[in-house]
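# Results of the structural survey
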Amino acid sequence: MCAMNSRPSACARFQLCPEGRISLYCFLATAGLVLLPSVPQIYYEIVPNVWGAILWGPVLYYALINLIIRFVLRNMEYQVAIRASFLGFVMAASVLVVCFAPAPWQQFGVYGCFMSFFHYSEFLVIAVANPRTLSLDSFMLNHSVHYGLAAAASWIEFVLELHYLPEFKRYAHIWFVGVVLCTFGEIIRKAAIITAGRSFTHLVQDEKHSDHKLITHGLYAYSRHPSYVGWFYWSIGTQIILMNPLCICIYALVSWLFFHDRIYVEEYSLLYFFQSDYARYQKQVPTGLPFIKGYLIE
């Protein structure tokens, strides 16, 4: 979107472009404005029903914030703001669930925090590292139909097992492993995006851009695709947090198949772009994902 505004200099040198700043203000402001009035209402039992206080209060505050955004911003700035505000609302609501909901639901709040942060930070990090490619798709909220169905399946499994097999959800020392895995994956992915800078895009490129460079330092000295490594382990971690035994297995398998095919296609392009340099790099550094070799020239 910075490219749409034809102001590349304002976004250069790891500075936030205007859309990035708007998103940050809206994300933080919405989270803060939802949390500040909600916490005392729930803590001091001003609202007798905990779930009512957690759900309806924040929803009303969020609706009011969205009316203000609609009045102040227009066009693309509004589209950015409304998405960032939504993710800020999800973060705030998730924090309230962690702090005040019945114990079995608290891990769902932790899951919501990781989901909100992942999608918002995707946009923010691209706004910093490669604003030329920044777009509404950078939030990754509409990644694919399959991604949405997978998320919905995990929510359904969590609710059904919580109702019929609550013992699956009672081992905090196990789902804490998911917290560690999600944190690890998030750090690896975002560090990889920042390291790649202008060479990183969310989409596989079939045409080499003028500032597309072969990155082999930092995390890329240990893995050819560290952003995929981070995303792979983050996705599995989300299901360990929810203690979803079925989705843990399904997410691991589907994510592996997705990245197996994606890396194969991407490396075909990278070999075309960088030729012998990339072939040499392939021999020195693994993909970073188990049993995935990529597109190799025999």
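This text gives an overview of the structure that appears in the document. These numbers were taken from a predicted model, which means no experiment stands behind them.

Right, let's get into unusual backbone geometry. With a phi angle near 55 degrees, N75 is a residue other than glycine that sits in the positive phi range. Within the secondary structure, N75 is located in helix α4 (residues 75–100). Phi at M243 is positive, roughly 55 degrees, even though this residue is not glycine. Of note, M243 is situated in the loop between α8 (226–242) and α9 (245–274). The class for M243 is buried, based on a relative accessible area of 12%.

Before going further, it helps to spend a moment on the packing of aromatic side chains. Summed over all chains, the structure comprises 21 aromatic pairs. The interplanar angle of 65 degrees and the centroid separation of 5.8 Å between the aromatic rings of W231 and F259 together place this pair among those described as edge-to-face. You can see W231 sitting in helix α8 and its partner F259 sitting in helix α9, a full 28 residues away along the chain. Seen from their ring centres, F258 and F259 are 5.1 Å apart, and the 70 degrees between their planes marks the pair as edge-to-face. On the accessibility criterion, F258 (31% relative accessible area) is partly exposed.

Evaluation of the coordinates by the stated rule reveals seven salt bridges. Between K190 and E122 there is a salt bridge, with its nearest N and O atoms 2.9 Å apart. Separated by 68 residues along the polypeptide, K190 in helix α7 (residues 172–196) and E122 in helix α5 (residues 103–129) bring together distant segments of the chain. Exposure class is identical for K190 and E122. Each is buried. Among the ionic pairs, E161 bridges to K169, the shortest N-O distance being 2.8 Å. For E161, a relative accessible area of 9% puts it in the buried group. Salt bridges here are not isolated pairs; linked through shared partners, they connect E122, E186, R189 and K190.

Before going further, it helps to examine the layout of surface pockets. Reported here for the largest pocket is a volume of approximately 640 Å³. Surrounding the largest pocket, 27 residues form its lining, F86, V90, F108, Y111 and W155 being those nearest its centre. Where the lining of the largest pocket is concerned, the elements lending two or more residues are α3 (50–72), α4, α5 and α6 (145–164). In terms of residues, the lining of the largest pocket owes the most to one element, α5, which gives eight residues. When grouped by side-chain class, the residues that make up the lining of the largest pocket number 20 nonpolar, seven polar and no charged. Both domains that meet at the lining of the largest pocket, namely domain 1 (16–101) and domain 2 (102–134 + 143–297), each give it at least three residues.

This part is about empty space enclosed by the protein. To locate leftover empty space, one rolls a probe as large as a water molecule over the atoms. For the coordinates displayed, the defined rule picks out one cavity of 30 Å³ or more. Roughly 370 Å³ of internal volume is contained in the largest cavity. Along its surface, the largest cavity is lined by 24 residues, and S199, H212, Y220, E266 and L270 are the ones closest to its centre. Elements represented by at least two residues in the lining of the largest cavity include exactly α8, α9 and α10 (276–284). When residues in the lining of the largest cavity are grouped by element, the largest group, five residues, is from α9. Across the lining of the largest cavity, the residue classes tally to 14 nonpolar, six polar and four charged.

Thresholds, definitions, all that
- Residues numbered from 1 in each chain as written.
- Predicted model: local features only at pLDDT ≥ 70, side-chain atom pairs only at ≥ 80, totals over all residues.
- Heavy atoms only, no water.
- Helix = DSSP H or I, 4+ residues; strand = E, 2+ residues; numbered from the N terminus.
- Buried < 20%, exposed > 50% of the residue type's maximum accessible area, 1.4 Å probe, protein only.
- Phe/Tyr/Trp six-rings, centres within 6.5 Å; stacked < 30°, edge-to-face > 60°.
- Salt bridge = Lys/Arg side-chain N within 4 Å of Asp/Glu carboxyl O.
- 1 Å grid on protein atoms, 1.4 Å probe; cavity = no way out; pocket = protein on both sides within 12 Å on 5 of 7 lines; lining within 4 Å.
- Points joined across faces, edges and corners; volume = space filled by probe spheres on them.
- Nonpolar A, V, L, I, M, F, W, Y, C, P; charged D, E, K, R; others polar.
- Domains from an automatic or database assignment.

The values are spatial; any link to function lies outside them.
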